[in-house]
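# Structural characterization, general
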Amino acid sequence: MLYIPRDGVLWDTFLMKKDDKYHLFYLRFASALGHAVSDDLVHWTEEPAIEFSVPGSWHQAGATLTGSILEKDNKYWYALGCLDNNGYQSYGFAVSDDLYNWTVVDKEAPSIVAGSEYYDHDTNMFTSGWRDTAFRIDCEGWVHCYLCASAHKPNQYSSGAVIGHLRSRDMKNWEYLPPIAHVGDRVSAAECPSMLEINGKWYVTFVDHGSGGMRWHASGYEDAGGTYYMVSDDPDGPYTFTANPLFLGSGMDRQESWAGRAAKIDGKWLIYSHMSSKNAFANIKEIVQTDDGGLELRYFPAIEKLICDEPRVLCEPKHIEGSGPFGWQDLGKWASSGTTISGECMSMGSGVQLTEKAGSFILDAEVMMEKGAALGFALRTHDYDGIPRFPGLPAPREHGAVVIRLDYQLKRAEIEELVRCSYTGYGHNDFINSSFVRNPDRRQIDIRHGVRYHIKIIARGPFYELYIDDKFILCKQLGSALEGGIEAIVERGRACFMNVALYPIEPL
């Protein structure tokens, strides 16, 4: 939700800093590498694509693989990968002094190829791996390379997925070492690995789906997919999973915020990724070590540099009366005092309008559910014409919203589109009590009645993120209108909304 190239083509990314500029590189499914620069990590300027075309070279015979850049000996080394027409994956290097002008140094043959006693020689894209490099330099000057690899062909015990490990002193001759992690009993491929160290603990991250026979319910998500992590006391492993190994992803195997990678920038470990559904560079999060040695993602305030107007305190709710004979929305009882809004509806659900129009924004609030089922916000509420559903009847009028909700009964956070469909015009604005769900994502979290929670919701273009007490919870793209109203909602219970503030941010 930070950057979309002019032609909309952006896939796996890698991020680094040189002097006072941040550089974003991204895969473009060709010999060219996308490039953008920023002064603040949120405002990006697109640069000319970087071409690695060398006629007759080995890497011209197929698709470009995800690489990464290593700074070594005052030069930048880009791992140039290729998936050839036979499905074979391999890597060589290009070098640069300035991150703009590059020279391919491995023209005749790749220098990182699959093999040895540890790794499968056959690197078919769909059954084996040898791609997505990451690097670190140790205190003795060794360059370590980590990548998505396969120890063997898939069998009934394992997919063969491992995080491979090589090392070199000259970037040409590579020593093959045992994998640092065997993950084939949990995932099909450990793509886009990265390595980080915090307070003496080493962490390796990787990306995978949660589909088919490899379904994995992790970190509060059903059929989880996204960026996982493992932990070790030694950079060479062995690495093990924690109780909550997925720290950036989504449920139902939705490929949302994808290919997350870690980078230490300005003294902080950050994770960056792309939103694969829209091919956009996603909002950056901070990686924080928890008391038990695990990792979690926190709100990163760089996004606030997009704030473009004074914040508005939303403390004058407008109760929207039901327009049909049932008058369901009239069941709610709402009141406000100072900057606190309270709502009660013990039988069904109810909502109040906080503002009639909001574009892109950060919504900051404190919430507390005294008792009952759920509370939340309906964002960008709007009317539109639906599609015809029944022969002989006109297209219905629909009223919809993106709803971000805390469900206290099921102890989960939810983000989804709710749509109320009406042929008669009755109650068309009451999507709370008479609606259907489109495109949901849900995550189990520990929420309790009587506890005050600080929530942040970021809505920019079609992208949404939810944080609770600055901890990242959900992110999703939803095809909703860019502008519309905001409502506070309560379901079968009593809740308070405190210090609700709307910070307008620049549109995407």
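Residues numbered from 1 in each chain as written. Predicted model: local features only at pLDDT ≥ 70, side-chain atom pairs only at ≥ 80, totals over all residues. Heavy atoms only, no water.

## Let's talk about the nonpolar core
Ranked by internal contacts, the top residues of the largest apolar core, which has 120 residues, are W44, I287, F377, L406, L466 and F497. Sort the elements by how many residues they give to this core and strand β28 (residues 361-385) lands first, with 9 residues. Contact partners of W44, with chain neighbours within four places excluded, come to L2, Y3, L15, Y22, H23, L24, A36, V37, S38 and F281. Membership of the second largest hydrophobic core comes to 21 residues, among which are F93, W130, A149 and L166. (Core = buried A, V, L, I, M, F, W, Y, C linked by side-chain atoms within 4.5 Å. Buried < 20%, exposed > 50% of the residue type's maximum accessible area, 1.4 Å probe, protein only. Helix = DSSP H or I, 4+ residues; strand = E, 2+ residues; numbered from the N terminus. Contact = heavy atoms within 4.5 Å.)

## A look at the sheet that holds strand β4 (residues 44-51)
Remark on secondary structure: sheet strands pair via backbone hydrogen bonds, oriented parallel or antiparallel. Within the open sheet, the 4 strands sit side by side as β1-β2-β3-β4. Their pairing is antiparallel. Strands with a single pairing partner mark the edges of an open sheet, and in this sheet they are β1 (13-18) and β4. Adjacent strand axes in the sheet meet at a mean angle of 25°, parallel and antiparallel pairs treated alike. Of the strand pairs in this sheet, β1 and strand β2 (residues 21-27) are connected by 6 bridges, and their pairing is antiparallel. Counted as the bridge partner of F14 is F25 from β2. (Pairing = 2+ DSSP bridges. Axes fitted to C-alpha atoms, helices over the stretch in contact; angles between N-to-C directions.)

## Focus: the sheet that holds strand β17 (residues 225-232)
As summarised here, the arrangement of the 4 strands in space is β15-β16-β17-β18, forming an open sheet in which the pairing is antiparallel. Every other strand in the sheet has two partners, leaving β15 (191-198) and β18 (240-250) as the edge strands with one partner each. Strand-to-strand twist across the sheet, computed as the mean angle between neighbouring axes with direction ignored, equals 25°. Here 6 bridges tie β15 to strand β16 (residues 201-208), and the two strands are oriented antiparallel to one another. Looking across to β16, one finds that S194 is bridged to T205.

## Considering the pairing of strand β14 (residues 175-182)
The two faces of a sheet get side chains in turn, since along a regular strand they alternate between them. In the sheet, strand β13 (residues 161-168) pairs with β14 via 5 bridges, with the strands oriented antiparallel. Paired with L166 across the two strands is Y176, which belongs to β14. Taking the residues between adjacent antiparallel strands as the criterion, β13 and β14 are bridged by 6 residues, where M171 takes a positive phi near 65°.

## Looking at the confidence of the model for the protein
Of all residues in the protein, 91% attain a pLDDT of 70 or more, and the chain-wide mean is 89. Contacts for the low-pLDDT stretch residues 323-328, under 50 throughout, to residues beyond four places or in other chains number 14 contacts. pLDDT under 50 marks residues 424-429. Its contacts with residues more than four places away, or in other chains, come to 18 contacts. (pLDDT = per-residue confidence, 0-100.)

## Details of the environment of D407
Residue placement: D407 occurs in strand β29 (residues 397-407). Classification of D407 by relative accessible area gives buried; the value is 11%. The spatial distance from the C-alpha of D407 to the C-alpha of G129 is 40 Å, given a sequence separation of 278 residues. Once you skip the residues sitting within four places of it in the chain, D407 turns out to touch A373, A374, R412, E414 and I447. Of the polar contacts made by the side chain of D407, one reaches the backbone nitrogen of Q409; its length is 2.9 Å. (Polar contact = N/O pair within 3.5 Å; in protein donor to acceptor, adjacent residues only side chain to side chain.)

## Structural notes on the packing of aromatic side chains
Throughout the structure, instances matching the rule amount to 24 aromatic pairs. Ring plane angle 5° and centroid distance 4.8 Å describe the contact between W216 and Y228, whose orientation is recorded as stacked. Of this pair, W216 sits in the loop between β16 and β17 while Y228 sits in strand β17, and the two are 12 residues apart along the sequence. The pair W216 / Y228 is uniform in exposure class, with both members buried. A connected cluster of aromatic rings, assembled from ring pairs, spans F14, F25, F52, Y78 and W102. Taking the ring centre of W202 as reference, the NZ or CZ of R136 above it sits at 5.1 Å. Against the face of F472 rests K285, its NZ or CZ located 5.1 Å from the ring centre. (Phe/Tyr/Trp six-rings, centres within 6.5 Å; stacked < 30°, edge-to-face > 60°. Lys NZ or Arg CZ within 6 Å of the ring centre and 35° of its normal.)

## Quick word on the side chain of E286
Tracing the backbone through its elements, the reader meets E286 in strand β22 (residues 285-289). Those residues in contact with E286 that sit more than four places away from it in its chain are K268, W269, L270, E296, L297, R298 and F300.

## Examining the layout of surface pockets
One number sums up the size of the largest pocket: a volume of about 720 Å³. Lining the largest pocket we find 27 residues, and of these I69, F135, A262, A263 and K264 sit closest to its centre. Only β1, β6 (69-72), β11 (130-137), β15, β19 (257-265) and β20 (268-275) provide two or more residues apiece to the lining of the largest pocket. Considered class by class, the residues forming the lining of the largest pocket number 18 nonpolar, 3 polar and 6 charged. (1 Å grid on protein atoms, 1.4 Å probe; cavity = no way out; pocket = protein on both sides within 12 Å on 5 of 7 lines; lining within 4 Å. Points joined across faces, edges and corners; volume = space filled by probe spheres on them. Nonpolar A, V, L, I, M, F, W, Y, C, P; charged D, E, K, R; others polar.)

## A look at the pairing of strand β23 (residues 295-298)
Of the pairings in the sheet, the one linking β22 to β23 comprises 4 bridges and is antiparallel in character. From the neighbouring strand, E286 faces β23, where its bridge partner is R298. The hairpin formed by β22 and β23 contains 5 residues between the paired strands, and G293 there has a positive phi angle of roughly 90°.

## Some remarks on the pattern of salt bridges
Applying the stated criterion across every chain yields a total of 30 salt bridges. Across the pair R405 and E491 runs a salt bridge whose closest N-O atoms are separated by 2.7 Å. Taken as a pair, R405 in strand β29 and E491 in strand β35 (residues 484-504) lie far apart in primary sequence, 86 residues in all. The burial state of R405 is the same as that of E491; both residues are buried. In this structure, E416 engages R442 in a salt bridge whose closest nitrogen and oxygen atoms are separated by 3.3 Å. Here E416 is found in strand β30 (residues 412-422), whereas its partner R442 is found in strand β31 (residues 436-444), with 26 residues between them in sequence. Under the relative-accessibility criterion, R442 is labelled partly exposed at 29%. The network of salt bridges with shared partners includes R405, R412, E414, E416, R442 and E491. (Salt bridge = Lys/Arg side-chain N within 4 Å of Asp/Glu carboxyl O.)

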